[in-house]
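What follows is the residue order along each chain.
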Amino acid sequence: MANYYIGVDVGGTTVKMGLFSEEGELLEKWEIPTRTEDAGVKILPDIVKSIMNKKEALGGQIMGIGMGVPGPVTDDGVVLKCANLGWGVFSAKNELASLTEVENVQVANDANIAALGEMWKGGGRGFDSIVMVTLGTGVGGGIIVRGKILTGAMGAGGEIGHLKVRSEDEEDLCNCGGRGCLEQYASATGIVRMATNKLHPGAAKLEDSCLSELQEITAKAIFDGAKDKDEYCMEVVEEFGRVLGLGLANVAQVVDPEAFVIGGGVSKAGDIILEVIKRYYSDHVMFALQNKEFRLAELGNDAGIYGAARLVIEK
């Protein structure tokens, strides 16, 4: 009889799930809708039903279930509110274990499990201490130190998107209510915001850029323009690299990782991102922290299910 492990990545729209072998091979993956109505009371029962249906179809034994959720989670699996799911404070670990009758259950923050997945099977392979940065609509982060997630006292470790990197001249508010957060410049929306605002005096002008011909400016268009040597796009990318390089330098001086792994939709721009980040990172760190590895994430949307499975697969 085969033994299986389940990795679950709960998002605000869909729940991604993966079936893994004891050796960590992804055998199958699937999704179900995330039903967030009624304070999300249907989410865990829906997950359990889907897992049990999969078990019945395959036979075998479920040896462990790992789950990532979009909110702070303590080391013992207590969720400290997930606004996108409608959840309050409760032990998701205990409830999932009770519903499935599986003893080996672990729950963690979704960004942290994505980092764990990339360390295990993706861009962070070969290292056991990494910082993963997810550049999407916002900026997420996950920190792994010697193979273990840096959770923090209240489950909010790794929230690097709200590091202060340019508060002295920032007028706009971040989503967190502060000003000058890394997320305001390094996320996809932040990059576009920089491009549509005026750059520093003496900078190239938007009206002279290839961007002026577009109905909608996107982060992809900005990086594509920079690759084609559009001066304005290049200056936007330089500012992106400056603030992200500074932010990661600050992180390095606290946790001293072996490598940084850059993921999220913005990372699809490729090596141009790594090159500009590394240049500014090196300007801001002490000698002992120079020469870190910078890599692109490799697992895409599957990073969460890999990391969730890694929480429970026996090492």
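Quick look at the structure, then. (Residues numbered from 1 in each chain as written. Predicted model: local features only at pLDDT ≥ 70, side-chain atom pairs only at ≥ 80, totals over all residues. Heavy atoms only, no water.)

## Describing the overall build of the protein chain
Scanning the protein chain for helices and strands turns up ten helices and twelve strands. For a compact globule of 315 residues, the expected C-alpha radius of gyration is about 20 Å, and the protein chain comes in at 21 Å, within 12% of that figure. Its C-alpha atoms give the protein chain principal-axis dimensions of roughly 65 × 45 × 35 Å. A total of 315 residues make up the protein chain; the buried ones form 52% of that total. The contacts of the protein chain with a sequence gap of at least 6 include a subset with a gap of at least 24, amounting to 60%. On the protein chain, the mean spot of the 30 positive side-chain charges and the mean spot of the 45 negative ones are 2 Å from each other. (Helix = DSSP H or I, 4+ residues; strand = E, 2+ residues; numbered from the N terminus. Rg over C-alpha atoms; globule rule 2.2 N^0.38 Å. Buried < 20%, exposed > 50% of the residue type's maximum accessible area, 1.4 Å probe, protein only. Contact = heavy atoms within 4.5 Å. Lys, Arg positive; Asp, Glu negative; His and termini not counted. Charge placed at Lys NZ, Arg CZ, Asp CG, Glu CD.)

## Here's the deal with the packing of aromatic side chains
Under the definition given, this model contains eight aromatic pairs. With centroids separated by 5.2 Å and ring planes inclined at 70°, the aromatic side chains of Phe 20 and Tyr 306 adopt a geometry described as edge-to-face. One end of the pair, Phe 20, is in strand E2 (residues 14-20); the other, Tyr 306, is in helix H10 (residues 303-312), and 286 residues separate them in sequence. According to the relative accessible area criterion, Phe 20 is buried, its value standing at 0%. Each ring, one from Tyr 281 and one from Phe 294, has its centre 5.2 Å from the other, and the planes form 70°; the classification is edge-to-face. Placement of Tyr 281 in helix H9 (residues 271-284) and of Phe 294 in strand E12 (residues 293-296) is noted, with a sequence separation of 13 residues between them. Relative accessible area serves as the criterion here: at 7%, Phe 294 is assigned to the buried category. The structure contains a cluster of three or more aromatic residues connected by ring pairs, namely Phe 20, Trp 120 and Tyr 306. For the cation-ring pair, Lys 121 lies above Trp 120, with the distance from its terminal atom to the ring centre recorded as 5.0 Å. (Phe/Tyr/Trp six-rings, centres within 6.5 Å; stacked < 30°, edge-to-face > 60°. Lys NZ or Arg CZ within 6 Å of the ring centre and 35° of its normal.)

## Considerations on the nonpolar core
Counting residues in hydrophobic clusters, the biggest one holds 48 residues, and the most contacted among them are Ile 222, Phe 240 and Leu 248. Residue contributions to this core peak at twelve residues, all from helix H8 (residues 231-255). With residues near it in sequence (within four places) discarded, Ile 222 still touches Ile 191, Val 192, Ala 195, Leu 211, Ile 217, Cys 233, Val 236 and Val 237. Among the nonpolar cores identified, the runner-up in size contains 28 residues, and Val 10, Val 15, Ile 51 and Ile 65 belong to it. (Core = buried A, V, L, I, M, F, W, Y, C linked by side-chain atoms within 4.5 Å.)

## Some details on the sheet that holds strand E3 (residues 26-33)
The strand order E3-E2-E1-E4-E7 describes an open sheet built from five strands, whose pairing is mixed. The outermost strands of the open sheet, each flanked by one partner alone, are E3 and strand E7 (105-109). Each strand of the sheet is rotated relative to its neighbour by a mean of 20°, with strand direction disregarded. In this sheet, strand E4 (residues 61-69) lies alongside strand E1 (residues 3-10) in parallel orientation, the contact comprising seven bridges. Note that in E4 the partner of Asn 3 across the bridge is Gln 61. Sheet strands in contact with helix H3 (residues 92-100) are E4 and E7, and its direction is about 145° off that of E7. (Pairing = 2+ DSSP bridges. Axes fitted to C-alpha atoms, helices over the stretch in contact; angles between N-to-C directions.)

## Describing the side chain of Ser 21
With respect to the helices and strands, Ser 21 occurs in the loop between E2 and E3. Beyond its immediate chain neighbours, meaning those up to four positions away, Ser 21 contacts Asn 3, Tyr 5, Leu 27 and Ile 313.

## Some points on the packing of helix H7 (residues 219-227) against H8
Relative to each other, H7 and H8 sit at 110°, their axes nearing to 7 Å. Taken together, the axes of H7 and H8 are roughly perpendicular relative to one another. The chirality of how H7 crosses H8 is left-handed. Judged by residue contacts, Ala 221, Ile 222, Phe 223, Gly 225 and Ala 226 of H7 engage Cys 233, Met 234, Val 236, Val 237 and Phe 240 from H8. (Parallel < 35°, antiparallel > 145°, perpendicular 65-115°, else oblique. Left-handed = near helix turned anticlockwise from the far one by under 90°.)

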